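Survey of secondary and tertiary structure
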Amino acid sequence: MEREEVKSIIDSLLFVADGPVTLQRFQEVIEGSNKDEIRSALVELQKELENGPRGVRLVEVAGGYQMRTAKGNAEWVKKFLGGRPARMGRATLETLAIIAYRQPITKAEIEAIRGVDVDGVISTLLERELVRAVARKDVPGRPFLYGTTQQFLELFNLKDLTQLPTLKEMDEITLPEIPGETIPIENTEEC
Amino acid sequence: MSTQVQLEIFEGPLDLLLHLIKKNEVSITDIPIAAITEQYLATLEVMQSLNLDLAGEFLVMAATLIHIKSRMLLPAGDGTTEEDDDDGEDPREELVRRLLEYQRFKDAAEKLGQREILARDVFIRSGTPVEDVPVPNLREVSVFELLNALKRVLERLPKENVHEITLDKITVREKMTFLLDTLRARSKVLFDALFAEVKTRMEVVVTFLAMLELVKARAIRIFQDELGGPIQIEAAAGMDEASILPVISTGEEDHGT
């Protein structure tokens, strides 16, 4: 099969796909192709989108490839789609970060780090399928152990968990500047 | 109260402590416990005076701080304390460890938040879930309107003093099932229609409670077209679906506990 043809098919598949497409899946569909061909076609496509005057990007996310809008166009896309933009509250981000780096982890262990109850946050995260119970810990009460999901990787544009930046070592930690702005008092439970 | 109160949202006691440490420009490994404890307690007082719901954890930390402060006053290596007698170890050590650990994840969370987040910075073709798509022409009903509606229903009940000696035959659970069944048959039900067949005060109250339980479980939603308009009840989809699909009446009774 011609190189350009493979690229064109991949382009189409990415357009109709409703989630990240794995290399494996491309290979199954495009008969007679091998992974190297597909990979190099993907890289080429990625470069064309990146360098051309285009509003979509080809990103490697959650173990597959996916077309996503260019970040610079977010404002217009949001306006077009309507509705309020997705928000990520601090409680959500902190809890997710702890689970992402320390998985599998129990609720009590998360609470020990955050110093606050995380019941509400966890149930929201479970509902949004950003985390899931992966096992039970073999301690009294056999609490659930939580881990992150594919959706978590998709949400944060991560190829896999190894892409998470390494946690700072304890002695590298410095306190950031206090932001000048203050946030109006309201319920912080958001996500 | 003419003073401008500016209060940050603190994610918890550790967050508040880190803020105070930073504000005072002191070293995290050498916290002036007395001063920080004082400011910590003062902040709690402000929060309380603002009727902020103070999580219990804030108070536990207050106790911890006071405890540390008192231990700092004791001569080091004095083996007279029954507990926590740990060979002159700095009483702040455990707290410092927790603060550093928390700061570590605060940093990580911030980095996570700066990534290209789906549906905030980048979007995928069709169906990128955008949160809270407003349902056109529907507004949520306030508790007061609900209570008023309940009052009207109660007033409509026959005034004759029928002695209610019926025992507690209807349970909230039964009414919840009934309500969900009704909503599965018809996607929407008028608040008043729900009480049309109801004859006793007890049943009105039980039905109302069942409705509230279902709202709490997010199994149903209560709406009205305009202020003062008829109150309508509809089945809610799961939270996520609810934000993208207008009306779904799938069996949501699993949530009805």
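Quick look at the structure, then. Everything quoted here is computed from the prediction, not taken from an experiment.

1. Quick notes on the overall build of chain B
- A count of helices and strands for chain B gives nine helices and four strands.
- When its helices and strands are written in sequence order, chain B yields α-α-α-α-β-α-α-β-α-α-β-β-α.
- Across the 257 residues in chain B, those meeting the buried criterion constitute 41%.
- A total of about 15000 Å² of accessible surface is found on chain B, and carbon and sulfur atoms cover 54% of it.

2. What to know about the overall build of chain A
- Scanning chain A for helices and strands turns up eight helices and four strands.
- Across the 191 residues of chain A, 39% fall into the buried class.
- The long-range share in chain A, meaning contacts at least 24 apart out of those at least 6 apart in sequence, stands at 49%.
- Surface accessibility of chain A: about 10700 Å² in total, with carbon and sulfur atoms responsible for 51%.

3. As for the nonpolar core
- The biggest cluster of nonpolar side chains holds 36 residues, and the ones touching the most others in it are L96, I99, F152 and F156 of chain A together with L112 of chain B.
- For this core, the secondary-structure elements that each account for two or more residues are strand 1 (56–61), helix 5 (90–102), helix 6 (107–114), helix 7 (119–127) and helix 8 (150–155) of chain A together with helix 4 (93–113) of chain B.
- No other element matches the seven residues that helix 5 of chain A contributes to this core.
- Counting residues in hydrophobic clusters, the runner-up holds 27 residues, among them L150, L157, F191 and L214 of chain B.

4. Considering the pattern of salt bridges
- Under the criterion given, the structure shown has 25 salt bridges over all chains.
- When the shortest N-O distance is used, the salt bridge between K106 of chain B and D15 of chain B registers 2.8 Å. Linking K106 of chain B in helix 4 with D15 of chain B in helix 1 (residues 13–23), this pair joins segments that are 91 residues apart in sequence.
- A single salt-bridge network, built from bridges that share partners, covers R90, E94 and R114 of chain A together with E11, D15 and K106 of chain B.

5. Let's talk about the packing of aromatic side chains
- Taken as a whole and judged by the stated rule, the model has five aromatic pairs over all chains.
- Geometrically, the ring pair formed by F152 of chain A and F156 of chain A is tilted, given 5.2 Å between the ring centres and 55 degrees between the ring planes.
- Considering the side-chain rings of F191 of chain B and F195 of chain B, the 4.9 Å spacing of their centres and the 45 degrees angle between planes classify their relative orientation as tilted.
- Classification of F195 of chain B by relative accessible area gives buried; the value is 3%.
- These aromatic residues form a ring-pair network of at least three members: F191, F195 and F208 of chain B.
- Here the basic side chain of R136 of chain A rests over the ring of F144 of chain A, its NZ or CZ set 4.3 Å away from the ring centre.
- A cation over a ring is seen here: K175 of chain B above F178 of chain B, with NZ or CZ 4.7 Å from the ring centre.

6. Remarks on helix 2 (residues 33–49) of chain B
Residues and elements named next belong to chain B.
- In this model, helix 2 (17 residues) spans 24 Å end to end at C-alpha, consistent with the 24 Å of a helix rising 1.5 Å per residue.
- Within helix 2, burial applies to I33, I36, T37, Y40, T43, L44 and M47. Summarising the axial view, the buried residues of helix 2 lie within an arc of 125 degrees, below the 170-degree limit, and thus occupy one face. The exposed residues of helix 2 that point more than 90 degrees off its buried face are E38, E45 and S49.
- Next to the buried residues of helix 2 lie helix 1, helix 3 (56–73) and helix 4.

Criteria and thresholds
Residues numbered from 1 in each chain as written. Chains lettered and ligands numbered in written order. Predicted model: local features only at pLDDT ≥ 70, side-chain atom pairs only at ≥ 80, totals over all residues. Heavy atoms only, no water. Helix = DSSP H or I, 4+ residues; strand = E, 2+ residues; numbered from the N terminus. Buried < 20%, exposed > 50% of the residue type's maximum accessible area, 1.4 Å probe, protein only. Areas by Shrake-Rupley, 256 points an atom, 1.4 Å probe, with all protein chains shown as cover. Contact = heavy atoms within 4.5 Å. Core = buried A, V, L, I, M, F, W, Y, C linked by side-chain atoms within 4.5 Å. Salt bridge = Lys/Arg side-chain N within 4 Å of Asp/Glu carboxyl O. Phe/Tyr/Trp six-rings, centres within 6.5 Å; stacked < 30°, edge-to-face > 60°. Lys NZ or Arg CZ within 6 Å of the ring centre and 35° of its normal. Expected span 1.5 Å × (residues − 1). Arc of directions from axis to C-beta.

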